[in-house]
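# A structural walkthrough
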Amino acid sequence: MKKRKVPMRKNILTNEMEPKRLLVRIVKNKEGEVALDPTGKKPGRGAYVGLDPAAVKQAAANKTLERVLETELSAEFYQQLYDYVDHQKARLDLFGELGKKN
């Protein structure tokens, strides 16, 4: 059986290429609104963040996402992102590769 290609994306916080399924997409639409995109299908400019809560805290302190997306972000957005990343990291640690499709 032929092996499938794993889609890779660049984690903007660590500047490393990682599998897309291990990243969270943040999207900025035409109106300038920024939102989490768990499905990866929302229209707009996307940026990918890894499942590392500590890196998200550092990004909030350094305003990394604001520079990448060229917009002002609220503390509530960073908290929402932190909560989502923390939850997804816990799920990954709990279930590991069991949720992966063959």
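This text goes with the structure placed above it.
Everything in this summary refers to the structure shown in the same document. Just so you know, these numbers come straight off a predicted model, no measurement behind them. Each chain has its residues counted from 1, running along the sequence as written. The predicted nature of this model means local features are confined to residues of pLDDT at least 70 and side-chain atom pairs, given and counted, to a pLDDT of 80 or more, with totals for whole chains, interfaces and linings taken over all residues. Side-chain descriptors were evaluated using all non-hydrogen atoms of the structure, hydrogens and water having been removed beforehand.

## Topic: a nonpolar patch on the surface
- Residues forming no salt bridge and having over 30% relative accessible area are the ones grouped into patches, like charges within 9 Å of each other and nonpolar side chains (Val, Leu, Ile, Met, Phe, Trp, Tyr) within 5 Å. Each accessible area is a Shrake-Rupley estimate made with a 1.4 Å probe; only the visible protein chains count as cover when residues are assessed. Criterion for a salt bridge: a side-chain nitrogen of Lys or Arg within 4 Å of a carboxyl oxygen of Asp or Glu. On the surface, Val-6, Met-8 and Met-17 cluster together into a nonpolar patch covering about 280 Å² of accessible area.
- Along the polypeptide, Val-6 turns up in the segment before β1 (8-11). Helix numbers and strand numbers start at the N terminus; a helix is a DSSP run of H or I with at least 4 residues, a strand a run of E with at least 2.

## A few points about the pattern of salt bridges
- If you walk through the whole model with that rule in mind, you get two salt bridges.
- Of the charged contacts, one joins Arg-25 and Asp-37 as a salt bridge, the two residues approaching to 2.5 Å between their closest N and O atoms. Here Arg-25 is found in strand β3 (residues 23-28), whereas its partner Asp-37 is found in strand β4 (residues 34-37), with 12 residues between them in sequence.
- Since its relative accessible area comes to 10%, Arg-25 is described here as buried.
- The closest approach of N and O atoms between Asp-93 and Lys-89, which form a salt bridge, is 3.5 Å. With Asp-93 and Lys-89 both in helix α3 (residues 75-95), this residue pair falls four residues apart, about one helical turn. For each residue, the accessible area found with a 1.4 Å probe, counting protein chains only, is set against the maximum for its type, and the residue is called buried under 20%, exposed over 50%, and partly exposed in between.

## Focus on the layout of surface pockets
- A cavity here means a set of 1 Å grid points, computed over protein atoms only, where a 1.4 Å probe fits but cannot escape. A pocket is an open set with protein on both sides within 12 Å along at least 5 of 7 lines, and lining residues have an atom within 4 Å of a point. Grid points are joined across faces, edges and corners, and a volume is the space filled by probe spheres set on the points. The computed volume of the second largest pocket comes to approximately 530 Å³.
- Arg-21, Leu-22, Leu-23, Tyr-84 and Gln-88 are the residues nearest the centre of the second largest pocket, which is lined by 19 residues in total.
- Mapped onto the lining of the second largest pocket, the elements with two or more residues apiece are β3 and α3.
- Note on residue categories: nonpolar means Ala, Val, Leu, Ile, Met, Phe, Trp, Tyr, Cys or Pro, charged means Asp, Glu, Lys or Arg, and polar means any other residue, Gly included. Residue composition of the lining of the second largest pocket, by class: nine nonpolar, five polar and five charged.

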